[in-house]
Amino acid sequence: MFGQMSDKDAGIDPATPRLELRGVNKQFAGVQALSDINFRLGRNEIVGLIGDNGAGKSTMIKHICGYHSPDSGEILFDGVPVHNLTVERARQLGVAAVYQERALADLQTLWRNIFIGQEIQTRFGFLDVRKMRRETHKLMLESMGFTSTAVTPESVVKNFSGGEKQGIAITRALYFDADIVILDEPAVGLSIKETDKLLQFIQSIKKAGKASILIDHNIFHVYEVADRIVVLDRGKIAGRFRPKHRNVIELTEIMREIAETGHSSVPDDPYEEPVSDTEETA
Amino acid sequence: MNGSMTDTDQTALDEATWGRGVSLLHDPKRFASTYAGQLGITGAFLLLWIAFLVTAPDTFTHIEIYAAFAATIPLFGIVAMPLTMVVTAGEIDLSFPSTYALGMVGFVLTWEHTGNVPLAIAVCLLIGAVAGLINAFVIVQIGVPALVATIGTLFFFRGLSLVVIGGRNITLIETRPSILFRLFVGELYGIPMQFFWLLLAAVATWFLLNRHKYGAALYVIGDNIQTAELQGIKTKQVRLILFILVGVAAAFSGILSSLFIVSFFPSVGDGQLLPALAAVFVGGTSVFGGKGTVWGTLLGAFMIGTINAGIVAAGLTGFYTQLIYGAVIVVSVSIHAMVQRRFG
């Protein structure tokens with residue numbers, strides 16, 4: 001329903017990473033926050049980005065979102081380097097970040113939250129409230145899985161659970177054609193049931209033929225949904241692994257080793273060109 | 001088979017219904033909880049009115065008192081409209097009473113030098129916009145909290161007005177022949193023009209707040225400014241416009257207040273701070289931001305404006321005015337807080 005292939009994809013080799021960081025370095029007041037980051041995100045893969053607090057996960061993400069610019073190195077979208085990436089430009093290029101605490105405006109209704117900053121307007125410049133309510137209702141049934149009649153487009157989002165709120169934010173991002181959805185610690189403070197719901201939403205990103213970066217310091221959340229796991233430690237990429245090649249206990253061991261020594265004795269899993277679900281089924 | 005047909009019908013019905021929003025006829029219960037605040041203030045307004053009708057029937061069954069309300073309530077009611085938006089956005093502006101005077105200083109000086117009333121009005125409104133811009137600069141650009149910044153400009157604008165005009169009172173009797181005089185403070189079918197300006201301000205504010213991108217941005221900013229920024233709302237620009245709107249409305253109210261008494265006093269606007277803010281808060285706009293109601297402010301303004309006359313007409317001495325005034329404010333904001341906890 002979100003459109004499997006957007007115009008952006010036309011004429012681009014599917015093997016070209018949707019997003020790539022090449023040799024990205026960043027210092028803050030003399031401290032090396034990121035050093036020589038090389039990172040790829042396929043067009044239809046979910047990458048888990050894990051690492052301890054202070055490993056550089058957020059700094060790396062802020063580069064992709066346009067909040068920081070690298071001291072050296074390049075950020076490429078569809079193989080094209082983008083210099084002086086701004087927040088606005090990143091958004092235009094399809095990047096959407098979803099933060100648990102800051103995703104939604106709590107006192108506002110569901111339909112207002114879906115359309116924050118991107119309201120549908122009538123010819124006369126007024127809000128087309130009727131259309132936005134209908135679209136919201138459609139999204140609720142088709143993507144958010146709200147079937148209860150207690151929830152309506154006029155419901156205030158304050159009383160939704162943490163998982164539901166992020167579901168709304170993910171739905172919003174996909175609705176507005178984002179194809180790189182970044183989730184920052186989405187499972188923090190969620191119950192097991194809520195986390196399951198959240199993981200379903202993350203899988204819906206994959207089903208919609210889009211890509212996601214999932215930041216977490218808990219390997220268990222990431223393991224279930226990620227195609228690849230990238231481990232950051234002290235500003236460096238310390239390992240790249242594929243959940244389908246390793247079990248979660250093995251990965252936990254590797255994580256512990258990295259946390260202690262800064263690198264892993266286990267070699268990286270080979271980088272395979274990510275295969276898109278849409279191509280497989282086509 | 002039949003089941004799935006019904007489901008589809010239900011979906012179609014829901015979609016048609018949801019396009020319209022919460023309907024009183026389809027779902028009175030949900031309507032009541034969605035609009036609890038607005039219904040509450042409407043009830044309170046009616047109660048107060050009935051109380052005055054009972055205690056002072058001579059006054060409140062005659063048209064004269066309503067004509068008086070229609071003439072004086074807009075003098076603070078109009079500025080309460082953009083203030084509703086300010087509070088909704090989680091900001092505050094306490095400087096507007098002085099902007100009444102600052103704008104009028106521009107009016108008076110222009111009019112004395114040129115005798116041109118339209119030009120004087122234009123200068124007045126422009127000064128209001130500049131005053132708003134100064135507030136916005138200090139608050140949005142320098143980052144001083146609005147509460148503190150506008151206490152400062154409250155004194156500054158009043159002081160500037162007094163210095164420039166040298167404390168003079170000026171009669172505006174010669175502006176009377178101007179058609180604009182009648183447009184601002186004349187009468188239409190026996191109803192003071194100020195009342196129509198208030199209605200216009202209320203309708204315009206309602207559309208801006210509830211049916212325009214600008215108002216949508218205000219709600220989100222007042223609710224969670226980080227969310228607004230992450231979703232690409234230009235929060236600085238939106239807040240800047242907000243303070244300019246208050247400045248222009250205050251300057252406009254300065255014109256109405258002065259032409260209404262056909263004289264300019266450098267103290268014009270003094271005493272409008274509390275009624276205007278009380279109208280906003282009594283009306284149910286949230287002190288915490290993110291929620292605002294123009295309907296509530298309109299009724300709030302009439303409640304606040306009625307109290308004074310009502311108390312005197314009910315045979316109580318003027319000493320009771322402030323007592324009842326205060327009680328109405330405290331009780332109504334308490335009720336709003338309780339309603340929000342229950343339904344919000």
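Quick caveat: nothing in here was measured; it's all calculated off a predicted structure.

Parameters and conventions
- Residues numbered from 1 in each chain as written.
- Chains lettered and ligands numbered in written order.
- Predicted model: local features only at pLDDT ≥ 70, side-chain atom pairs only at ≥ 80, totals over all residues.
- Helix = DSSP H or I, 4+ residues; strand = E, 2+ residues; numbered from the N terminus.
- Buried ≥ 20, exposed ≤ 12 C-beta atoms within 10 Å, placed from the backbone.
- Contact = placed C-beta atoms within 7 Å.
- Axes fitted to C-alpha atoms, helices over the stretch in contact; angles between N-to-C directions.
- Parallel < 35°, antiparallel > 145°, perpendicular 65-115°, else oblique.
- Nonpolar A, V, L, I, M, F, W, Y, C, P; charged D, E, K, R; others polar.
- Pairing = 2+ DSSP bridges.
- pLDDT = per-residue confidence, 0-100.
- Expected span 1.5 Å × (residues − 1).

Novice: Please explain the overall build of chain B as it appears in this structure.
Specialist: Looking only at helices and strands, one finds 17 helices and four strands in chain B. The dimensions of chain B, computed from C-alpha atoms along their principal axes, are 85 × 55 × 35 Å. Taken over 344 residues, chain B has a buried fraction of 47%. Counting contacts in chain B only where the partners sit at least 6 residues apart, residues at least 24 apart contribute 75% of the total.

Novice: Please clarify how the packing of helix α11 (residues 193–210) of chain B against helix α12 (residues 213–223) of chain B should be interpreted in this entry.
Specialist: Helices that pack against each other are described as a pair by the angle of their axes relative to one another and the distance between those axes. Residues and elements named next belong to chain B. It is the contact of α11 with α12, at a shortest axis distance of 5 Å, that shows an interaxial angle of 70 degrees. In terms of orientation, α11 and α12 fall into the roughly perpendicular class. Contacts between α11 and α12 involve Leu208, Leu209 and Asn210 from the first element and Tyr214, Gly215 and Leu218 from the second. A class-by-class count of the residues in the contact of α11 with α12 yields four nonpolar, two polar and no charged.

Novice: I would appreciate a short explanation of the environment of Gly94(A) in the present structure.
Specialist: Counting through the fold element by element, Gly94(A) comes out in the loop between α2 (87–92) and β6 (95–99). The spatial distance from the C-alpha of Gly94(A) to the C-alpha of Phe126(A) is 27 Å, given a sequence separation of 32 residues.

Novice: Explain the sheet that holds strand β8 (residues 211–216) of chain A here, please?
Specialist: Strand pairing in a sheet takes place through backbone hydrogen bonds and is either antiparallel or parallel in direction. Residues and elements named next belong to chain A. One open sheet accounts for six strands, arranged β6-β7-β8-β3-β9-β10; its pairing is mixed. Each having just a single partner strand, β6 and β10 (236–241) make up the two edges of the open sheet. The mean angle between the axes of side-by-side strands here comes to 20 degrees, regardless of whether they run parallel or antiparallel. In this structure, strand β3 (residues 46–50) lies alongside strand β9 (residues 228–233), joined through four bridges in parallel fashion. Along β9, the bridge assignment pairs valine 47 with arginine 228. Running at roughly 170 degrees to β6, helix α5 (residues 162–175) makes contact with β6 and β7 (180–184) of the sheet.

Novice: Help me understand unusual backbone geometry, please; the structure alone is not making it clear to me.
Specialist: Trans peptide bonds make up most of the peptide bonds, and negative phi angles are found at most residues other than glycine. All names here are of chain A. The phi angle at alanine 29 is positive, at roughly 45 degrees, despite the residue not being glycine. One can find alanine 29 in the loop between β1 (19–28) and β2 (31–41). Look at alanine 29 and you get exposed, because 5 C-beta atoms sit within 10 Å. Not every positive phi belongs to a glycine, and glutamate 185 is a case in point at roughly 45 degrees.

Novice: Would you mind going over the confidence of the model for chain B with me for this structure?
Specialist: Atomic detail in the predicted coordinates should be set aside for any region of low pLDDT. All names here are of chain B. For chain B, mean pLDDT is 89; residues scoring 70 or higher make up 94% of the total. Put simply, helix α1 (residues 2–20) is where chain B has its lowest mean pLDDT, 51, and helix α6 (residues 74–88) is where it has its highest, 98. Both scores are available for the predicted complex, with the pTM at 0.86 and the ipTM at 0.84.

Novice: It is not clear to me how the interface of chain B and chain A should be interpreted in this structure. Could you clarify?
Specialist: A common way to state how big an interface is: give the accessible area lost once the parts meet. At the junction of the two partners, chain B supplies 26 residues and chain A supplies 28 residues. Mapped onto the side of chain B that touches chain A, the elements with two or more residues apiece are α1, α12 and α13 (225–230) of chain B. A per-element tally of the side of chain B that touches chain A places α1(B) first, with six residues. Here the residues of the side of chain B that touches chain A sort into seven nonpolar, 12 polar and seven charged.

Novice: Quick question: what am I supposed to make of the environment of Lys206(A) here?
Specialist: All names here are of chain A. Residue placement: lysine 206 occurs in helix α6 (residues 192–207). Exposure remark for lysine 206: the 18 C-beta atoms within 10 Å place this residue in the partly exposed category. Residues lysine 206 and aspartate 179, 27 residues apart in the sequence, show an inter-C-alpha distance of 9.7 Å.

Novice: When you look at the sheet that holds β2(A) in this model, what are you seeing that I'm missing?
Specialist: Residues and elements named next belong to chain A. Judged by pairing direction, the sheet is antiparallel, and its four strands sit side by side in the order β2-β1-β4-β5 without closing on themselves. The open sheet has two edge strands with one neighbour each: β2 and β5 (80–81). Strand direction decides the pairing type here: β1 and strand β4 (residues 72–77), joined by five bridges, are antiparallel. Of the residues in β4, the one forming a bridge with leucine 19 is phenylalanine 77.

Novice: How should I be thinking about α5(A) in this particular structure?
Specialist: A turn of α-helix holds 3.6 residues, and therefore any two residues three or four places apart point the same way. Residues and elements named next belong to chain A. A rise of 1.5 Å per residue sets the reference length of α5, with its 14 residues, at 20 Å; its end C-alpha atoms lie 20 Å apart and thus fit the reference within 8%. For α5, the buried fraction is high: 13 of the 14 residues fall into the buried class. Directly after α5, the chain includes aspartate 177, whose backbone phi takes a positive value near 65 degrees.

Novice: Help me understand the environment of Ile215(A) in this model?
Specialist: Residues and elements named next belong to chain A. Relative to the helices and strands, isoleucine 215 is located in strand β8. Since 22 C-beta atoms lie within 10 Å of it, isoleucine 215 is described here as buried. For the pair isoleucine 215 and glycine 51, spaced 164 residues apart in the sequence, the C-alpha separation amounts to 8.5 Å. The contacts of isoleucine 215, once residues within four sequence positions are left out, are Leu49, Lys57, Ile61, Leu183, Asp184 and Glu185.

Novice: Is there a simple way to think about helix α8 (residues 117–141) of chain B in this case?
Specialist: Its 25 residues give α8(B) an end-to-end C-alpha distance of 35 Å, which sits within 8% of 36 Å, the value for a rise of 1.5 Å per residue. With its phi angle positive at about 90 degrees, Gly143(B) sits one or two positions after the end of α8(B).

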